Structure formats: structure tokens, C-alpha cells
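Chain and residue survey
Chain by chain, the residues run as shown.
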Amino acid sequence: MYIYTCTEKKKRVGVFEKGECEKMEHAMVIFENVSKKLGNFTLKDITFTLPKGYIMGVIGPNGAGKTSLLHLLLGLYKPMEGTIQVDDKEYALEEAEILSEIGVVLLDELYDGSRTLLQNGREYGRFYRNYNEVLFREYLARFGLEEQRKYKKLSAGEKLKFQFAFALSHNAKLLVLDEPTGNFDPGFRKEFFQILRKFIADGSRSVVLSSHLTEDLDRMADYILYLEKGEVVFAGDIEKLREKYRLLTGENYKIKLVHKEQVIHVEEGTYSTRALVKHWPGYEYDSALTVTVPTLEELMYFMTKRRSK
Amino acid sequence: MGEMIIRDYFKAFRWSKFKDVFWKGGFGIIYMGVIVPFCGGFTEKGEYYVTFQMICLPVLFCFISCFLHPMELPKAMFLCPMSDRQRRDYVVQSCVFRICFTGSVGVVFTIGMIGLGLCDVVSGVALLGNHICLALLLCGFSERKGRTEEERNRSLLEHAGLRSGVEIVDALCIILCSFGIACVLCWDTTPAPWVKWVFLAVVLLVECPLTAYFMMGWKAAVERAISYEASNC
């Protein structure tokens, strides 16, 4: 099943079927039929749009293609087919312009381990026309990082904090964050999300955040892109997605009464059965069933089960 | 960009980076600095030892430079706001600077040897050619760090085919020539006058064409270096 989202300026329209996607007027990121082969792995026909002022969560099991997708977004990989636009610019024509507007947090060791944080900031800040060292130092202090410390002496979480500080210090319009939250302590995670909320508050900036921690995305993300085996399982407004599915819990024979076309996956337990179903507005479920809105984790779980079946 | 290239070049000469090279190449340094001079009899006179080291040091510097300055861009630089053209310019110019700088170290040492009367002009020209070929061969194509020998060979075969064989022959010629000239200059026995002409002929007729052939793949190497996919996938 392919679902795509199209949203007009300042107005969420929701989840669309493939082929119905219209071009957005104020989009931060547009992927249009993007395909990329990387060895034995292929990202197939990726299409989604992220409007300005929103946070998109990229989720999926290990090896689904999340990092490859982010690499495409960052211009590290060139698509074999399709087009990628960031803030109405294309990589082929305005790569430097695009990259000057992107702040990055990746799991890789991006910076020079033998240099201090300040030196690293200066080193790479010189490429950004809007790099603000004062702001960078402020963020370092706020995140509890000593600017004279060597990069290699930082822990994994601190390295990500450093990258985050740098990403925020050159007036980026788009933040691309690859699974940063897993390495943050709970205290900083809260601050991290506050900063992200503030970052997008003026409606002109966006965030693409890949994470395994779906709880965080449940709270934070406005849009969800769910990848599996290099394909988009769904892409859309998180609320619309939640509206589209229901989790049923109850006796097996009651669940079997649900229309077959609705059922995505059924998991039979010893005492009760759970099923993820497509929610048809107005459809009345058996009163003996417990009907809940699925969390992202539950959605991911059932979708993965269905596909592996 | 020139200032940036020069700064980046010298920035790489740090103990943290150098010690890796030192431990990897430590045996080579001991071999050329102690074992070869003693076994080769280059220690009989102080000036012979100095001459031998003046031949070896630029070669050693070339190897060190090759390890310290691989022809690659760090991942962070692919994420910095630069166009492909700017990245290409950076890679090409830094590569040219590296070749010129390491080559010029060889030139300075060789001219110094001629000036000090440690070396005649014919041997000096042969040494110069040797150093320049080595600088082009090593600094022009230094592969990215961390690659295993197997990966490097596979990459060379995939991208270069015949060039990998040419590289080996060329490198052998350079090493044999350097050593041969060192023997001519550092032994008491004066060889026949044609011997040094043979070395010069090898440099001009074998090394230079092989290096030129190898350099034909330079453009492709630059393209690989500026493409994240080509250099990392």
C-alpha cells in the first residue's frame, strides 16, 4: 500500500493514494519518485512532501533505508531516478545553496577528533555564510560542552550534542537528524525536543528526524515516513494516519467478523487476539471489541508483521 | 581557497596522525636509516651516509605525505555548502600543491647535494626525475585511509585495470633507481661512467612514460574523490 501526503500552504489535507499527490507551494522537502540502488539494496519510488514548519519522523526497522534516504536528502547519494527538492532548489543546480540551509546530526564521526570543539566549529563554520560563532559557543555552554575539549574525548551522546550545536549555529532552515535521541540522557532529550519545537515555531523551518524511539515521534512528529525494505509503507500526516487505522483487541471470532479488506494483520494470543485494521469512518465495530487508536510502535509492529508474512 | 589548502596541508602534520604513520612505517625508517646504510657500506664515510640520507629523506617524506594527505574529502566536507565544482577545485588544487611540495623537497635536497659536491649533475637529474615521478605516483593517487590492501587492490583493478600493474613496475623502477644511484654515489669504488647514464635513461625512458601513463587516470581519481558514493560505497 502506498499512501502519500499532499498539504497546501498552512493547511493539512492528509493522506492521499499514490498518484494523487499535488505539488506543494511551500514545501521544504519534495521527493518525487526517487529511486536509488546501493549494492543489493534499493530504495524504490520514494515520494513524499514535507511542508515548512513541521517535523517529519522517519521510521522503519533496521535496514529499511532510513539512513540511505537521509543521505539522498543530504546530497551524499545522487538519485538514479526522480527528483529531490529542498526549499525549491535542486541539488543538480544549487547544491551549495541547499547545503548551506541544512543542519546535520549523523551517527558518523564527522569532525576532527584531535581538534577542540571550538576549532572544529571554526574549521567547518568557514564554509557557511551564516555561521555564528557566538551562537555556537552559547549552545556549547548550554549543552554542557567545554569548547576547549578535544572532539575525540567526547562520549557518543556529547558528540551528537556538539553536532546539534553546530547545526543550530548557521541559521539552517532544515535540520536532518539521524537517530540522535537514543544517545541522549532523558534530561537533554526533553531540552532537545523543546529546541526543535522552537526551531520550527516560525513556520519557515522544518526537521527530518529518523528514530527508533517511536514514543518521541508520537509526541513530536507532525508527519511520518515509514520505510520498509527500501519502500514507503506510508507517508503522511500523523493524525491522519492514526485516523486511518484502529487496533482491535478481543476474542478471535469477533475479530474475524471484521470485513477482510479492512484487516492488515491479526495476532492471535492465548487469551485475546489483536488486529490492526483500516478504519472506515462510520463503521461500527462489535461492542465486545476494544477499539483503540494505535501508537506508532503498534503501527510499525503490525505493518512489519504483515509484510514479513 | 589557496590559503585553505595550504592550511589543511600543514594541519595534517600532527603527532596524532603522524604516529600512525610512524608505527606503520617504523620498520621502513629503521631499515633505510640504519640497516641499509650499514649493510650497504654507506657508513664508511660521513659524507656517504649524508648523501644516502639526502636521497632517502625526500622519498620518506613522499611516503609520509601520501599517508597524511590521502586524496579524499572527509564526510563533513560533503555536507558543507560546496558545489561539485568547488570540491573538485579543492581536491585538484590540494593534490597539485601536495605533488609540488613533496617534489620540491626532493628538488631542494638534490640541488643541495649538487651544491655540496656530493652528487654530479647527471645523477642529480636522474634523482630529480625519480623524486618527481614518486611524488606524482604517491601523492597524486593516495587512496583514502582505512582501506585494506584487498579493498585497495580490488578498487585499483576495477577502476584502473592495467594501471595497477604499471604502478607496481613504476614503483620498482623508482626504488631500484634510487638505490642504484645511492650505491654509485656512496661507494668508494668508482663505477664505469656509463652506469649513471643508464640510471638517467631508466628515469627518462621508463619511469617518466609509466608515470605519465598512470597519470592518465588522474581525472577519474579526482572524480572518485569528489563523489561520496564513489569513494565510500
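See the structure printed just above.
Since the model is a prediction, treat every value here as computed from it, not as a measurement.

Some remarks on the interface of chain B and chain A
Contact residues are listed per partner, giving 22 residues for chain B and 23 residues for chain A. Counting each side, the surface lost to burial between chain B and chain A is near 2000 Å², with a carbon and sulfur contribution of 60%. Counting the surface chain B buries against chain A, the share from its top three residues, Leu79, Pro81 and Glu229 of chain B, is 33%. In this assembly, chain B and chain A are joined by four salt bridges. One can count seven residue pairs in polar contact (both at pLDDT 80 or more) joining chain B with chain A. Looking at the side of chain B that touches chain A, the elements that each hand over two or more residues are helix H1 (2–11), helix H4 (75–79), helix H5 (84–115) and helix H11 (228–232) of chain B. Partitioned by chemical class, the residues of the side of chain B that touches chain A number eleven nonpolar, three polar and eight charged.

A short note on the pairing of strand S8 (residues 102–105) of chain A
All names here are of chain A. Taking every second residue as pointing to the same face, both faces of S8 are buried, with Ile102 and Val104 on one and Gly103 and Val105 on the other. The sheet contact formed by S8 and strand S9 (residues 174–178) spans four bridges and is parallel. Bridging from a neighbouring strand, glycine 103 pairs with leucine 175 of S9.

Re empty space enclosed by the protein
Taken as a whole, this structure holds five cavities of 30 Å³ or more when the rule is applied. Considered as a void within the structure, the second largest cavity measures approximately 80 Å³ in volume. If you go around the second largest cavity, the residues you meet are Val104, Leu110, Tyr111, Tyr124, Tyr128, Phe166 and His170 of chain A together with Ala76, Leu79 and Cys80 of chain B. Looking at the lining of the second largest cavity residue by residue, the classes come out as nine nonpolar, one polar and no charged.

Criteria and cut-off values
- Note that residues are indexed from 1 along each chain, following the sequence as it is written.
- Labels are handed out in written order, letters beginning with A for the chains and numbers beginning with 1 for the ligands.
- Restriction of local features to residues with pLDDT of at least 70 applies here, the model being predicted, together with a cutoff of 80 or more for giving and counting side-chain atom pairs; totals for whole chains, interfaces and linings are based on all residues.
- Side-chain calculation: all heavy atoms of the structure are included, whereas hydrogens and water are not.
- Contacts are assigned to residue pairs that have any heavy atoms within 4.5 Å of one another.
- In short, buried area is how much 1.4 Å probe accessible area vanishes from two parts on joining, totalled over both.
- Just to be clear on terms, a salt bridge is a Lys or Arg side-chain nitrogen sitting within 4 Å of an Asp or Glu carboxyl oxygen.
- A 3.5 Å cut-off defines polar contacts: any pair of N or O atoms within that distance qualifies, except that in protein one atom must be a possible hydrogen donor and the other a possible acceptor, and neighbouring residues in sequence count only when both atoms are side-chain atoms.
- Every helix listed is a DSSP run of H or I at least four residues long, and every strand listed is a run of E at least two residues long, numbered separately from the N terminus.
- Note on residue classes: Ala, Val, Leu, Ile, Met, Phe, Trp, Tyr, Cys and Pro are nonpolar, Asp, Glu, Lys and Arg are charged, and everything else, Gly too, is polar.
- Burial classes follow relative accessibility: with a 1.4 Å probe on protein chains only, a residue under 20% of its type's maximum area counts as buried, one over 50% as exposed, and anything between as partly exposed.
- Should DSSP find at least two bridges between two strands, the strands are taken to pair.
- Points on a 1 Å grid, built from protein atoms alone, make a cavity when a 1.4 Å probe fits but cannot get out and make a pocket when they are open with protein on both sides within 12 Å along at least 5 of 7 lines; residues with an atom within 4 Å of a point are the lining residues.
- Grid points are joined across faces, edges and corners, and a volume is the space filled by probe spheres set on the points.

None of the figures reported here should be taken as evidence of function without further support.
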